[in-house]
Each structure stands twice: as C-alpha cells, then as structure tokens.
Amino acid sequence: GALGAPARGLSRGTLDRLAIARALLGDPDVVLLDEPFASLDQQGRDLAWRALRCRLDDGCSVVLTTHDRDTARRCDLVVRPAT
C-alpha cells in the first residue's frame, strides 16, 4: 500500500485523495477544494464524496471548483461565472 511510501512515488489520484483527507483533518468549519476529483477514479470519487458528506452533515461548509458537470450535479449550490 501507500502507507509509509514517499509522496513523490504516489500516483496523482492517491495524492489527490490524500489532499482531501488532509483538508478534512482537525474538524474545519470550511473546506476549500480546487478540482478535488480531477485525478480520481470512480471508486476514489465515491470515497471522497462519502467523506465530504460526513463533514457536511456535521455542519462543515465545502466550497469546491470544478469543470466536471457530474461533480456540479452533486453539489447543493452551483455558482457559474457570468458570460
């Protein structure tokens, strides 16, 4: 597994999952994520959504950016730039 492995040897998807996990540590009130699912496979996305949903259920606010329509559909509120 990845436990104990140097970060430089980890895949992009594993690094992204690690970044999401680190963002959720310490019981934050707000989590800011920039394209958090871009490098994740479906299993990684499902795992990340479950973790984020748990934090949301505990009262945490999650703000994320995405270009992915499927990700946007799962969000409670979507803000798009004016065209």
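Above this text you will find the structure in question.
Just so you know, these numbers come straight off a predicted model, no measurement behind them.

Criteria and cut-off values
- Residues numbered from 1 in each chain as written.
- Predicted model: local features only at pLDDT ≥ 70, side-chain atom pairs only at ≥ 80, totals over all residues.
- Heavy atoms only, no water.
- Helix = DSSP H or I, 4+ residues; strand = E, 2+ residues; numbered from the N terminus.
- Patch = residues over 30% accessible without salt bridge, like charges linked within 9 Å, V, L, I, M, F, W, Y side chains within 5 Å.
- Areas by Shrake-Rupley, 256 points an atom, 1.4 Å probe, with all protein chains shown as cover.
- Salt bridge = Lys/Arg side-chain N within 4 Å of Asp/Glu carboxyl O.
- Buried < 20%, exposed > 50% of the residue type's maximum accessible area, 1.4 Å probe, protein only.

A. How the structure looks around unusual backbone geometry. Within the chain, Asp27 stands out as a residue other than glycine whose phi angle is a positive 55 degrees. Secondary-structure assignment places Asp27 in the loop between α1 (12-24) and β1 (30-34). Non-glycine residue Glu35 carries a positive phi angle of around 50 degrees. Relative to the elements of secondary structure, Glu35 occurs in the loop between β1 and α2 (42-57).

B. Region of interest: a nonpolar patch on the surface. A cluster of nonpolar side chains, contributed by Val30, Leu32 and Val63, occupies part of the molecular surface with about 300 Å² of accessible area. Note on placement: Val63 falls in strand β2 (residues 61-65).

C. The pattern of salt bridges, seen in detail. For the coordinates displayed, the defined rule picks out 4 salt bridges. Note that Arg12 and Asp16 form a salt bridge whose closest N and O atoms lie 3.0 Å from each other. Of this pair, Arg12 and Asp16 both sit in helix α1, 4 residues apart, roughly one helical turn. Overall, Arg12 belongs to the exposed group, its relative accessible area being 52%. A residue is classified by how much of its surface remains accessible, and Asp16, at 10% relative accessible area, is buried. Asp70 is the salt-bridge partner of Arg73, the closest N and O atoms lying 2.5 Å from each other. Remark: Asp70 and Arg73 occur in helix α3 (residues 69-73); sequence separation between them is 3 residues, near one turn of the helix. Relative accessible area serves as the criterion here: at 49%, Asp70 is assigned to the partly exposed category. The network of salt bridges with common partners includes Asp27, Arg55 and Asp58.

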